[in-house]
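A structural walkthrough
Below are the chains, spelled out letter by letter.
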Amino acid sequence: MPVTSKIRVRYAETDQMGVVYYANYFVWFEIGRVEVLRSVGLSYDQMEKDHKLILPVVDASCRYKAPAKYDDEILIETRPAMLRGSVIKFAYRIYRDAGRDGEERKLLAEGETVHVVCDEKFERQPLPDSYAAALRNLME
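The rules we used
Residues numbered from 1 in each chain as written. Predicted model: local features only at pLDDT ≥ 70, side-chain atom pairs only at ≥ 80, totals over all residues. Heavy atoms only, no water. Helix = DSSP H or I, 4+ residues; strand = E, 2+ residues; numbered from the N terminus. Contact = heavy atoms within 4.5 Å. 1 Å grid on protein atoms, 1.4 Å probe; cavity = no way out; pocket = protein on both sides within 12 Å on 5 of 7 lines; lining within 4 Å. Points joined across faces, edges and corners; volume = space filled by probe spheres on them. Nonpolar A, V, L, I, M, F, W, Y, C, P; charged D, E, K, R; others polar. Pairing = 2+ DSSP bridges. Axes fitted to C-alpha atoms, helices over the stretch in contact; angles between N-to-C directions. Phe/Tyr/Trp six-rings, centres within 6.5 Å; stacked < 30°, edge-to-face > 60°. Lys NZ or Arg CZ within 6 Å of the ring centre and 35° of its normal. Buried < 20%, exposed > 50% of the residue type's maximum accessible area, 1.4 Å probe, protein only.

Some details on the environment of leucine 42
Residue position: leucine 42 is located in the loop between helix H1 (24–39) and helix H2 (44–51). Excluding residues that lie within four positions of it along the chain, leucine 42 makes contacts with Leu37, Ser130, Tyr131 and Ala134.

Considering empty space enclosed by the protein
To find leftover empty space, one rolls a probe the size of a water molecule over the atoms. All chains considered together, the criterion is met by one cavity of 30 Å³ or more. By volume, the largest cavity amounts to about 30 Å³. Contributing to the lining of the largest cavity are Leu37, Met47, Leu55, Ile88, Phe90, Leu127, Tyr131 and Leu135. Listed by contribution, the elements that provide at least two residues to the lining of the largest cavity are strand E5 (87–96) and helix H3 (129–139). Looking at side-chain class alone, the lining of the largest cavity contains eight nonpolar, no polar and no charged residues.

Section: the sheet that holds E5
What the five strands build is an open sheet, ordered E1-E4-E5-E6-E3; its pairing is antiparallel. Bordering the open sheet on either side are strand E1 (3–8) and strand E3 (57–64), each of which pairs with just one other strand. Sheet twist, expressed as the mean angle between neighbouring strand axes with direction ignored, is 20°. Bridging between E1 and strand E4 (residues 73–84) involves six bridges; their strand directions are antiparallel. By the bridge assignment for E4, serine 5 is matched with isoleucine 76. Each of E4 and E5 touches H3; the most contacted strand, E4, lies at about 115° to it.

Digging into the packing of aromatic side chains
Per the counting criterion, the structure on display carries six aromatic pairs. Ring centres of tyrosine 11 and tyrosine 70 lie 5.8 Å apart, and the angle between their planes is 85°; on these two criteria the pair is classed as edge-to-face. Taken together, the residues tyrosine 11 in the loop between E1 and H1 and tyrosine 70 in the loop between E3 and E4 connect sequence positions 59 residues apart. Among the aromatic residues, those joined into a ring-pair cluster are Tyr25, Trp28 and Tyr64. Seen from the ring of tyrosine 95, arginine 105 lies directly overhead, with NZ or CZ sitting 3.8 Å from the centre.

Some remarks on the pairing of E5
Along E5, eight of the ten residues are buried, which leaves the element largely enclosed by surrounding structure. With ten bridges connecting them, E4 and E5 associate as antiparallel partners. Considered in E5, the bridge of arginine 84 is made with valine 87. Where E4 folds back on E5, the antiparallel hairpin that results is connected by two residues, among which glycine 85 adopts a positive phi of roughly 60°. Where E5 meets strand E6 (residues 106–116), ten bridges bridge the pair, whose relative direction is antiparallel. Paired with tyrosine 95 across the bridge in E6 is leucine 107.

Some thoughts on the pairing of E6
Within E6, eight of the eleven residues are buried, which leaves it mostly tucked inside the rest of the structure. Of the strand pairs in this sheet, E3 and E6 are connected by seven bridges, and their pairing is antiparallel. Paired with alanine 60 across the strands is threonine 113, a residue of E6.

Okay, structure coming up:
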């Protein structure tokens, strides 16, 4: 079950052609990841403070299907797709929300990010049990 976040495209996120700059999709992916954790009562901030752990991105990809433009309402669907030891993969779908003019919701991009759970020295560490259990519940 994906967690859905809603944002509106800001002018600063667009290029000279009025289209969202490609790298901003990765910023939106991060919004989605934060909201996945928040949806189960957890947070990156608490993991860093309580467990001294970070989740660096080790791989990221995005396949663009259609452009997002200034003032579009965007839906970010995020779900944990894989959890194996210290490795977590998140999957994303970015949609333009249904428009006022009868436009249907449209898929704009799909992507994934892979993260390795590390301490502050970038040494691999296990994901805390509470985080692992919460992510596994979302994957079922």
